[in-house]
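Overview (structure and organization)
Below, each chain spelled out in residue letters.
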Amino acid sequence: MKNLFPALLVAGTLAVGSAGASAAADNPGNQDLTLSPDLAELLRAEMREIARGVQGVALSLAAADWTAIRDTSAQIRASYIMEKKLTKAQAVELEKTLPEPFKRLDAEFHQRAARLGAAAAAHDAELAVFHYSRLIESCAQCHAAYAARRFPGFGPGTPADSAHTTHATP
C-alpha cells in the first residue's frame with residue numbers, strides 16, 4: 001500500500017489532462033461568463049480559495065491527513081465565500097446569468113467534494129485519490145468551457161488524447 005498510494009496520487013492528478021479538451025468540445029463556444037464586477041470578484045475570490053484548498057488536499061493525501069481532507073472538502077462543498085458574502089441581488093444575477101451546463105458542472109463539483117470527504121472519513125486512500133482526481137477533472141471541464149480566455153491551454157488546438165498517448169523512448 002505504501003508504494004501504491006503515491007503512484008495513485010500522481011496517476012489520478014495526471015489523468016485529468018484531456019478532460020478540459022473534452023469539455024471544450026462539448027461547448028465549442030468556450031463562452032466566458034459575463035458577470036457584474038462585484039460578482040466577478042467574488043467568484044475570483046472563491047476560485048482562489050478553492051485552488052488553495054485543492055492544492056492542500058494533494059499534500060494531505062500524501063500524508064494521509066484525513067481530518068484536513070475532510071475539513072477542506074466540507075469547506076469546498078459549503079462554498080468558501082459565495083455562500084457567505086452573496087447578496088440577494090447577486091444570487092438573482094447568478095441564477096439568471098449562469099447557463100444550465102455551468103450549474104450542472106458546479107453541482108457535480110460540490111458532489112465530488114462530498115465524496116472526497118466521505119472517502120477521507122473512511123480513511124480509504126485509494127477512493128480518496130480517485131475522488132480527488134475527479135474533483136480536479138471538474139475544475140478542468142469548467143475552465144475549458146467557461147474560462148478559456150483565462151486558461152488558454154484549453155483553447156482550440158489542444159490535443160484531446162495527449163494524456164492517453166504512450167510514447168516509446170529510444
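Criteria and cut-off values
- Residues numbered from 1 in each chain as written.
- Predicted model: local features only at pLDDT ≥ 70, side-chain atom pairs only at ≥ 80, totals over all residues.
- Heavy atoms only, no water.
- Salt bridge = Lys/Arg side-chain N within 4 Å of Asp/Glu carboxyl O.
- Helix = DSSP H or I, 4+ residues; strand = E, 2+ residues; numbered from the N terminus.
- Buried < 20%, exposed > 50% of the residue type's maximum accessible area, 1.4 Å probe, protein only.
- Expected span 1.5 Å × (residues − 1).
- Polar contact = N/O pair within 3.5 Å; in protein donor to acceptor, adjacent residues only side chain to side chain.
- Contact = heavy atoms within 4.5 Å.

This paragraph deals with the pattern of salt bridges. Taken as a whole, this structure holds seven salt bridges when the rule is applied. Glu 137 is the partner of Arg 112 in a salt bridge, and the nearest nitrogen-oxygen pair spans 3.9 Å. You can see Arg 112 sitting in helix 7 (residues 100-121) and its partner Glu 137 sitting in helix 8 (residues 125-146), a full 25 residues away along the chain. With relative accessibility at 9%, the residue Arg 112 sits in the buried group. The salt bridge involving Arg 134 is made with Glu 137; its shortest N-O contact spans 2.6 Å. Taken together, the residues Arg 134 and Glu 137, both in helix 8 and three residues apart, mark about one turn of the helix. By relative accessible area, Arg 134 is classed as partly exposed at 28%. By relative accessible area, Glu 137 is classed as buried at 18%.

What follows deals with helix 8. For helix 8, spanning 22 residues, the distance from its first C-alpha to its last is 32 Å, which sits close to the expected 32 Å at 1.5 Å a residue. Within helix 8, 18 of the 22 residues are buried, leaving the element largely enclosed by the surrounding structure. Capping the start of helix 8 is the job of one residue whose side-chain oxygen sits 3.3 Å from the backbone nitrogen of Glu 126: Asp 124.

Another aspect to go through is helix 7. Look at helix 7: 32 Å from first C-alpha to last across 22 residues, which is about the 32 Å you get at 1.5 Å a residue. Within helix 7, burial applies to Phe 102, Lys 103, Leu 105, Phe 109, His 110, Arg 112, Ala 113, Leu 116, Gly 117, Ala 119 and Ala 120. Close packing links the buried residues of helix 7 with helix 3 (37-63), helix 4 (66-77), helix 6 (88-97) and helix 8. After helix 7 finishes, the residue His 123 shows a positive phi value of roughly 55°.

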